[in-house]
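Listed here are the chains, written in short residue letters.
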Amino acid sequence: MGKVEEFEELRPLLFSIAYRILGSVGEAEDAVQESWLRYDASTTRPMSAKAFLSATVTRIAIDVLRSARVRREEYVGPWLPEPLLDDPYEDPARAAELADSVSMAALLLLERLSPLERSVFVLREVFAFGFDEVAATMGRSEAACRQLLVRARRHMNEGRPRFEADRQKRQELARRFFEALAQGDVDGLQSLLAADVQLVGDGGGKAPQLARAVAGAENVARLLATVYPLMARVDITFEPHEVNGQPGALFRDRDGKVLHILALDVLDGQIQTIRSVINPDKLGHLGPVADAWAVDQEVKQTRKQTQ
């Protein structure tokens, strides 16, 4: 097998590692491309292409993450990961771990870790790399990597998200949620929400967004039931889609451009958290992006006409 074939076979794994470390589709794709350039430029053939490329993409991602920390600290409003509709890497033996680790809730927890802790956790806990492989990747001893993992596990366990294990139940609850959303059914929405549900929006200062998180089933239900029927009147449509391994939907304007993404955390038969990503910089990988400001103005005008 040639270098190109080896790399393409490993591309899904490399992207999935980089995305979990970075929480950004674009940055993960750039890290994968840079790893290819370094692999292609290497004058010696490594014993294991997987070990070489996994180590390379991880180190690149660590460097990117360190430089991104300042930008994220200065971010306007809540920061959410770039939504991922389809994880290219599949491993039936670790399907549950892979799905949970790519959720927005898990990626937000990973944000609390240092770049080294985050990388060790991803390699060991998510992708089951051996400690010898992790140590070689990180350029540290196995003992040091074990200590990094202990600290990472402690932080992750403090807030580890739990999700409805039954995929069919998750999807059915999501179906009922989006049906009630389309109808502006306050009571129907409220019945599906946990009492302490939170609605969080990420516009990054580049699109209309919630000023702060909205909490409580009644508050969230009333807000959603007010806004989404108005959006429908200006031809905003949505299509249910799994988002970061959890139920969600992709919203489009009348021209089919991507407006925003909604992702749901489901547990114990209720929706625990709703996350909306409307920052256009985080949606470009999904296709042409709508002008959210223009849509917002049209919605406001429609509201005035109905009052």
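The rules behind each value
- Residues numbered from 1 in each chain as written.
- Predicted model: local features only at pLDDT ≥ 70, side-chain atom pairs only at ≥ 80, totals over all residues.
- Heavy atoms only, no water.
- Salt bridge = Lys/Arg side-chain N within 4 Å of Asp/Glu carboxyl O.
- Helix = DSSP H or I, 4+ residues; strand = E, 2+ residues; numbered from the N terminus.
- Buried < 20%, exposed > 50% of the residue type's maximum accessible area, 1.4 Å probe, protein only.
- Phe/Tyr/Trp six-rings, centres within 6.5 Å; stacked < 30°, edge-to-face > 60°.
- pLDDT = per-residue confidence, 0-100.
- Expected span 1.5 Å × (residues − 1).
- Bend = angle between axes of the 7 residues up to and from the residue.
- Pairing = 2+ DSSP bridges.
- Contact = heavy atoms within 4.5 Å.
- Axes fitted to C-alpha atoms, helices over the stretch in contact; angles between N-to-C directions.
- Polar contact = N/O pair within 3.5 Å; in protein donor to acceptor, adjacent residues only side chain to side chain.

As enumerated under the stated definition, the model contains 22 salt bridges in all. When the shortest N-O distance is used, the salt bridge between D87 and R20 registers 2.7 Å. With D87 in the loop between α3 (49-73) and α4 (95-101) and R20 in helix α1 (residues 3-22), the pair connects residues that are 67 residues apart, well separated along the chain. Note that E298 is salt-bridged to R254, the shortest N-O span being 2.7 Å. One end of the pair, E298, is in helix α12 (residues 292-306); the other, R254, is in the loop between β4 (248-252) and β5 (258-267), with 44 residues separating them in the sequence. Since its relative accessible area comes to 30%, E298 is described here as partly exposed.

To continue, consider unusual backbone geometry. Residues other than glycine seldom take positive phi values, yet D235 does so here, at roughly 70 degrees. A positive phi is found at D268, a non-glycine position, where the angle reads about 55 degrees. Tracing the sequence through the fold places D268 in the loop between β5 and β6 (270-277). On the accessibility criterion, D268 (57% relative accessible area) is exposed.

What follows deals with the packing of aromatic side chains. Summed over the entire model, instances satisfying the criterion amount to 9 aromatic pairs. A centroid spacing of 6.3 Å and a plane angle of 65 degrees characterise the contact between W36 and Y39, whose relative ring orientation is edge-to-face. On the criterion of helical spacing, the pair formed by W36 and Y39 is a turn pair, its members being 3 residues apart in helix α2 (residues 25-41). Taking the relative accessible area as the measure of exposure, W36 reaches 15% and is therefore buried. According to the relative accessible area criterion, Y39 is buried, its value standing at 0%. Between F238 and F251, the ring centres sit 5.1 Å apart and the planes meet at 35 degrees, which makes this aromatic pair tilted. Residue F238 is located in strand β3 (residues 237-240), and its partner F251 is located in strand β4; the two are separated by 13 residues in the primary sequence. The structure contains a cluster of three or more aromatic residues connected by ring pairs, namely F177, F178, Y228, F238 and F251.

Turning our eyes to something else, we now look at the confidence of the model for the protein. Per-residue confidence for the protein gives a mean pLDDT of 92; residues scoring 70 or more make up 99%. The lowest-confidence element of the protein is α4, averaging 84 in pLDDT; the highest-confidence one is β4, averaging 97.

Time to look at α3. Every α-helical turn comprises 3.6 residues, leaving residues that sit three or four positions apart pointing alike. The end-to-end C-alpha distance of α3, which contains 25 residues, comes to 36 Å, matching closely the 36 Å that a straight helix rising 1.5 Å per residue would cover. Considering bend angle alone, the principal kink of α3 is centred on S67 and spans about 30 degrees.

With that out of the way, let us pick up the sheet that holds strand β1 (residues 193-202). Ordered in space as β2-β1-β6-β5-β4-β3, the 6 strands form an open sheet in which the pairing is mixed. Looking at strand neighbours, the two that pair on one side only are β2 (214-215) and β3, the edges of this open sheet. When β4 meets β5, the two strands line up antiparallel, connected through 5 bridges. Directly across from L250, in β5, lies its bridge partner I261. Across the sheet, helix α11 (residues 217-233) is in contact with β1, β2, β4, β5 and β6; its angle to β1 comes to roughly 50 degrees.

This brings us to the environment of E242. Relative to the helices and strands, E242 is located in the loop between β3 and β4. Those residues in contact with E242 that lie beyond four places of it in its chain are L84, L85, R167, R170 and Q171. Polar side-chain contacts of E242 include one of 2.8 Å to the side chain of R167.

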